[in-house]
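Read off the chains here:
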Amino acid sequence: MLRYHTIPVTPFAQNCSIVWCSETNKAAIIDPGGDLNKLNKAITERNLELQAIWLTHAHIDHAGGVAELAELLNLPIIGPHQGDQFWIDRLADQSRMFNFPLSKPFTPNRWLADGDTVQIGNCTLNVRHCPGHTPGHVVFHSEEAKRAFVGDVLFVGSMGRTDFPGGDHETLIDSIRNRLWPMGNDTVFIPGHGPEGSFGQERRSNPYVRDLQF
């Protein structure tokens, strides 16, 4: 069974999630944007074997700690979609712009595409390409656990920004309608910022997306 623990990191309170297989204790970390000491402490306390970094997209608050963590623990970097290459290339510029510790660019060991899967222990998650916030944004979905790690695509009561380079409002709306909603109303989503919610609740009450049908 998939388990997870979410830790807000960086001054932007970005939700970094540690996910693991309860049968094997093998783990991956989603969007380690920073505060690596805090993240490593949480992994050690749970006696987890960290095996990979999974990345939803390459904005600094999600990707700022990726290169350092990958080098420190010799971890493969999985994701995002190749559409975010230019954001990876601009990590140093992003660091300076938002007053983050200097972050180095990196080359993912594996780019992800819509319909791919990722594996941790005995748990398989589906990958959905959900552009709009960034061109290469991906989402990780566990059908078994009814959980989706959606980065900055959707928030409780809101949705991702589309005013950064490569963002597009209609593309994001299409991603939510055709990629997220089919996962089911009872699926709980873990956003990149703020509390968890369910797709069903957002379809009923979120003013940005409640009228979207699929």
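Shown above is the structure to which this text applies.
Residues numbered from 1 in each chain as written. Predicted model: local features only at pLDDT ≥ 70, side-chain atom pairs only at ≥ 80, totals over all residues. Heavy atoms only, no water.

Q: Sorry, what's going on with the environment of Glu-196 here?
A: Mapped onto the elements, Glu-196 comes out in the loop between β12 (188-191) and β13 (197-198). Taking relative accessible area as the criterion, Glu-196 reaches 38% and is therefore assigned partly exposed. In this structure, Glu-196 is in contact with Tyr-4, Val-156, Val-188, Phe-189, Ile-190 and Pro-191, ignoring residues within four places of it in sequence. Of note is the side chain of Glu-196, whose polar atom sits 2.9 Å from the side chain of Tyr-4. (Helix = DSSP H or I, 4+ residues; strand = E, 2+ residues; numbered from the N terminus. Buried < 20%, exposed > 50% of the residue type's maximum accessible area, 1.4 Å probe, protein only. Contact = heavy atoms within 4.5 Å. Polar contact = N/O pair within 3.5 Å; in protein donor to acceptor, adjacent residues only side chain to side chain.)

Q: Would you mind going over the pattern of salt bridges with me for this structure?
A: Opposite charge on two side chains makes pairing possible when the charged atoms of those side chains draw close. This model, assessed by the stated rule, comprises nine salt bridges. Between Glu-49 and Lys-26 there is a salt bridge whose closest N-O contact spans 3.3 Å. With a gap of 23 residues between them, Glu-49 in strand β4 (residues 49-54) and Lys-26 in strand β3 (residues 26-30) connect regions that are remote in the sequence. Looking at Glu-49, the relative accessible area reads 41%, which means it is partly exposed. In this structure Lys-26 comes out as partly exposed when scored by relative accessible area, which is 26%. One salt bridge connects Arg-46 with Glu-45, and the closest N-O pair in it is separated by 3.9 Å. A relative accessible area of 27% means that Arg-46 is categorised as partly exposed. Looking at Glu-45, the relative accessible area reads 53%, which means it is exposed. Through salt bridges with shared partners, a single ionic network connects Lys-41, Glu-45 and Arg-46. (Salt bridge = Lys/Arg side-chain N within 4 Å of Asp/Glu carboxyl O.)

Q: Help me out: how do you make sense of helix α1 (residues 36-45) in this one?
A: For an α-helix, the turn length of 3.6 residues means that residues three or four places apart are oriented alike. Of the positions making up α1, those classed as buried are Leu-36, Leu-39, Asn-40, Ala-42 and Ile-43. Axial view of α1: buried residues confined to an arc of 160°, hence all on one face. Facing away from the buried side of α1 by more than 90 degrees, the exposed set consists of Asn-37, Lys-41, Thr-44 and Glu-45. Turning to α1, the residues buried within the fold contact β1 (2-9), β2 (14-21), β3, β4 and α3 (66-73). Where α1 ends, the next residue or the one after it, Asn-47, has phi of about 55°, a positive value. (Arc of directions from axis to C-beta.)

Q: Hey, could you run me through the sheet that holds β1 in this one?
A: Through backbone hydrogen bonds, the strands of a sheet pair up, either in parallel or in antiparallel fashion. One open sheet accounts for five strands, arranged β1-β2-β3-β4-β5; its pairing is mixed. Every other strand in the sheet has two partners, leaving β1 and β5 (77-78) as the edge strands with one partner each. The pairing of β4 with β5 spans two bridges and is classified as parallel. Paired with Trp-54 across the bridge in β5 is Ile-78. Helix-sheet contacts for α1 involve β1, β2, β3 and β4, and the interaxial angle to β1 is about 155°. In this fold α3 packs onto β3, β4 and β5, with an angle of close to 150° to the strand it touches most, β4. (Pairing = 2+ DSSP bridges. Axes fitted to C-alpha atoms, helices over the stretch in contact; angles between N-to-C directions.)

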